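Chains, contacts and geometry: an overview
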Amino acid sequence: MKALVLSGGAGTRLRPITHTSAKQLVPVANKPVLFYGLESIAAAGITEVGVIVGETAAEIEEAVGDGSKFGLEVTYIPQERPLGLAHAVLIAREFLGDDDFVMYLGDNFIVGGIAALVDEFRAHRPDAQILLTHVPDPRAFGVAELDAAGQVIGLEEKPETPKSDLALVGVYLFTPVIHDAVRAITPSGRGELEITHAIQHLIDERADVRSTVIKGYWKDTGNVTDMLEVNRTVLETVEHRVDGAVDEASELIGRVVVEEGARIVRSRVVGPVIIGSGTVVEDSYIGPFTSVAENCRVTDSELEFSIVLRDSSIRGVGRIESSLIGRHVEVTPTTGMPAAHRLVLGDHSKVQIRS
């Protein structure tokens, strides 16, 4: 069995972060989201992985390498444009051959991994198996309709009037019959080859399509709110560990990870929190559910329920919360009168300011 990991999307909902960084590499608890998926695939006993890459290919390849650090053998498959999940299957045909495979969306996060799902698929080997979960607003997802016996009878992609609240989670398992299905469909109104249409084709052809409704935690980390929520969930699992330096004037409360080379100076840190290597926290407060990546500087500031990416500095700005701060960012207070906000924002940014 092989795996196909999709890492070619543009990440428009995470802009401006994704103007300069692949969305799959935005860190959760200081580890890229993509790495959690690769670790789940390895834990399921799968070693051969094809990674679909797009315009951020160089960054993805630099981060993942040949896959050996995950116990995997990685093959990169370029996709000129994100033309749909079924298109990814289409262009991966040579890599996949006639093997069964799991398709994993690289920006999805599933607590507990996929080993049990893969074992179930191997045991029964339906033509396709999909994961479903109940969501409050299914209009943003692929949506499944089940009959009274729980059998999948229909799928729709982002329907205006959903027939259920069961959304497709970004993990799919297929036998080689899916290759005929992706060749049989035509682009949707969005101009993409939809995997929901390919699976619907299997259903129409009376193939064995099964579903599993997951009760565990799943998130599509495509926006800032979900990124922060996943970060919170992962930080709930960390154990207290101090490999860096903490001076006597500082206080660590709860589950706090201070990586090697990090320094906490005259500060209070309330976990769960992770402070990356080489980062200095000085005269500051770091509150729960915050991850600060490597080589950052937080001085005379308060930070809570936030993610700070590497090589950034926050100095003298009072309190920051519910924020995602990118790489090489400088956050400083303004000086002089009159009081005003000075903003330098990327395209498609969203800013909330208290007047």
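Residues numbered from 1 in each chain as written. Predicted model: local features only at pLDDT ≥ 70, side-chain atom pairs only at ≥ 80, totals over all residues. Heavy atoms only, no water.

1. Focus on the nonpolar core
Grouped burial of nonpolar side chains is what soluble globular proteins tend to show. The following threshold applies: By nonpolar core is meant a set of buried Ala, Val, Leu, Ile, Met, Phe, Trp, Tyr and Cys residues that side-chain atoms within 4.5 Å join together. Each residue gets one of three labels from its accessible area relative to the maximum for its type: buried under 20%, exposed over 50%, partly exposed in between, using a 1.4 Å probe on protein chains only.
Counting 34 residues, the largest nonpolar core has Leu 4, Met 103, Tyr 172, Phe 174, Ile 178, Ile 195 and Ile 199 as its most contacted members. Residues Phe 35, Leu 38, Ile 60 and Val 118 belong to the second largest nonpolar core, which totals 32 residues.

2. A few points about helix H8 (residues 224-235)
Definition in use: Elements are defined by DSSP. Helices are runs of H or I of four residues or more, strands are runs of E of two residues or more, and each kind is numbered from the N terminus. Expected helix span is taken as 1.5 Å per residue step, with the number of steps being one fewer than the number of residues.
Here H8 is 12 residues long and its end C-alpha atoms lie 16 Å apart, about the 16 Å a rise of 1.5 Å per residue gives. Buried within H8 we find Asp 226, Met 227, Leu 228, Val 230, Asn 231, Thr 233, Val 234 and Leu 235.

3. What about the pairing of strand E6 (residues 101-105)?
The criterion, for reference: A strand pair is defined by DSSP finding two or more bridges across the two strands.
Burial analysis of E6 places five of its five residues in the buried class, the great majority of the element. Neither face of E6 is open: one carries Phe 101, Met 103 and Leu 105, the other Val 102 and Tyr 104, and all of them are buried. Of the strand pairs in this sheet, E6 and strand E11 (residues 166-174) are connected by four bridges, and their pairing is antiparallel. Note that in E11 the partner of Met 103 across the bridge is Tyr 172.

4. Observations regarding the packing of aromatic side chains
The cut-off we apply is this: Pairing of aromatic side chains here covers Phe, Tyr and the six-membered ring of Trp, requires ring centres within 6.5 Å, and sorts the geometry by plane angle: under 30 degrees stacked, over 60 edge-to-face, intermediate tilted.
Using the criterion set out here, one finds five aromatic pairs in the structure. Ring geometry for Tyr 36 and Phe 109: centres 5.2 Å apart, planes at 70 degrees, overall edge-to-face. A residue pair is termed long-range when its members are at least 10 positions apart, and Tyr 36 in helix H1 (residues 33-43) and Phe 109 in strand E7 (residues 108-110) qualify at 73 residues. Accessibility assignment for this pair places Tyr 36 and Phe 109 in one class, buried.

5. Focus: the pattern of salt bridges
Two side chains carrying opposite charge are able to pair once their charged atoms lie near each other. Which entries qualify depends on this criterion: Only one rule defines a salt bridge in this text: a Lys or Arg side-chain nitrogen within 4 Å of an Asp or Glu carboxyl oxygen.
Enumeration according to the criterion identifies 26 salt bridges in this entry. In this structure, Glu 236 engages Arg 255 in a salt bridge whose closest nitrogen and oxygen atoms are separated by 3.2 Å. One end of the pair, Glu 236, is in the loop between H8 and strand E14 (241-242); the other, Arg 255, is in the loop between strand E16 (251-253) and strand E17 (256-258), and 19 residues separate them in sequence. Since its relative accessible area comes to 29%, Arg 255 is described here as partly exposed. One salt bridge in this structure joins Arg 241 and Glu 259, with 3.2 Å as the shortest N-O distance. Of the two residues, Arg 241 sits in strand E14 while Glu 259 sits in the loop between E17 and strand E18 (263-265), which places them 18 residues apart along the sequence.

6. A short note on unusual backbone geometry
Trans is the common state for peptide bonds, and a negative phi is the common state for residues other than glycine. Here the amide bond leading from Gly 271 into Pro 272 is cis, since omega sits at 5 degrees, within 30 degrees of zero. Looking at the secondary structure, you find Pro 272 in the loop between strand E19 (268-270) and strand E20 (273-275). Notably, Asp 311 is not glycine yet its phi reads approximately 60 degrees, a positive angle. With respect to the secondary-structure elements, Asp 311 resides in the loop between strand E25 (307-308) and strand E26 (313-321). Here Asp 311 falls in the partly exposed class, since its relative accessible area comes to 27%.

7. Remarks on helix H5 (residues 115-124)
In plain terms, the rule: In this context, the arc is that of the directions from the helix axis out to the C-beta atoms. Every residue pair with non-hydrogen atoms within 4.5 Å of one another is taken to be in contact.
By the burial criterion, the buried members of H5 are Leu 117, Val 118 and Phe 121. Seen from one end, H5 has its buried residues packed into an arc of 100 degrees, which puts them on one side. Structural note: H5 exposes Ala 116, Ala 123 and His 124 on the side pointing more than 90 degrees away from its buried face. Those residues of H5 that are buried lie in contact with strand E8 (128-134), E11 and strand E12 (209-213). Where H5 ends, the next residue or the one after it, Arg 125, has phi of about 45 degrees, a positive value.

8. Describing the side chain of Ser 291
Along the chain, Ser 291 falls in strand E23 (residues 290-292). Its relative accessible area of 0% is what places Ser 291 among the buried residues. Not counting the four nearest positions on each side in its chain, Ser 291 is found in contact with Ala 29, Asn 30, Asn 231, Leu 235, Ile 274, Ser 306, Ile 307 and Val 308.

9. Thoughts on the packing of H1 against helix H2 (residues 57-64)
Let me state the cut-off plainly: Throughout, an axis means a line fitted to C-alpha atoms (over the contacting stretch in the case of helices), and angles, computed between N-to-C directions, take values from 0 to 180 degrees. Oblique is the label for any angle not covered by the other classes, which are roughly parallel (under 35 degrees), roughly antiparallel (over 145) and roughly perpendicular (65 to 115). Handedness of a helix crossing follows the sense of rotation of the near helix relative to the far helix, less than a right angle counterclockwise being left-handed and clockwise being right-handed. Note that Gly is not counted as nonpolar here; it falls among the polar residues with everything else outside the nonpolar set of Ala, Val, Leu, Ile, Met, Phe, Trp, Tyr, Cys and Pro and the charged set of Asp, Glu, Lys and Arg.
At a minimum axis distance of 11 Å, the contact between H1 and H2 shows a crossing angle of 55 degrees. Considering their axes alone, H1 and H2 lie oblique with respect to each other. Note on packing geometry: the crossing formed by H1 with H2 is right-handed. For the pair H1 and H2, contact is made by Leu 34, Phe 35 and Leu 38 and by Ile 60, Ala 63 and Val 64, respectively. A per-class count over the contact of H1 with H2 returns six nonpolar, no polar and no charged.

10. Observations regarding the sheet that holds E23
Two pairing modes exist for strands in a sheet, parallel and antiparallel, and in both the strands are linked by backbone hydrogen bonds. In spatial order, the strands read E14-E17-E20-E23-E25-E27; together these six strands make up an open sheet with parallel pairing. Two strands close off the open sheet at either side, each with one partner strand: E14 and strand E27 (324-325). Of the strand pairs in this sheet, E20 and E23 are connected by three bridges, and their pairing is parallel. Paired with Ile 275 across the bridge in E23 is Val 292. Its contacts with the sheet put H8 on E20, E23, E25 and E27, and the angle it makes with E23 is roughly 95 degrees.

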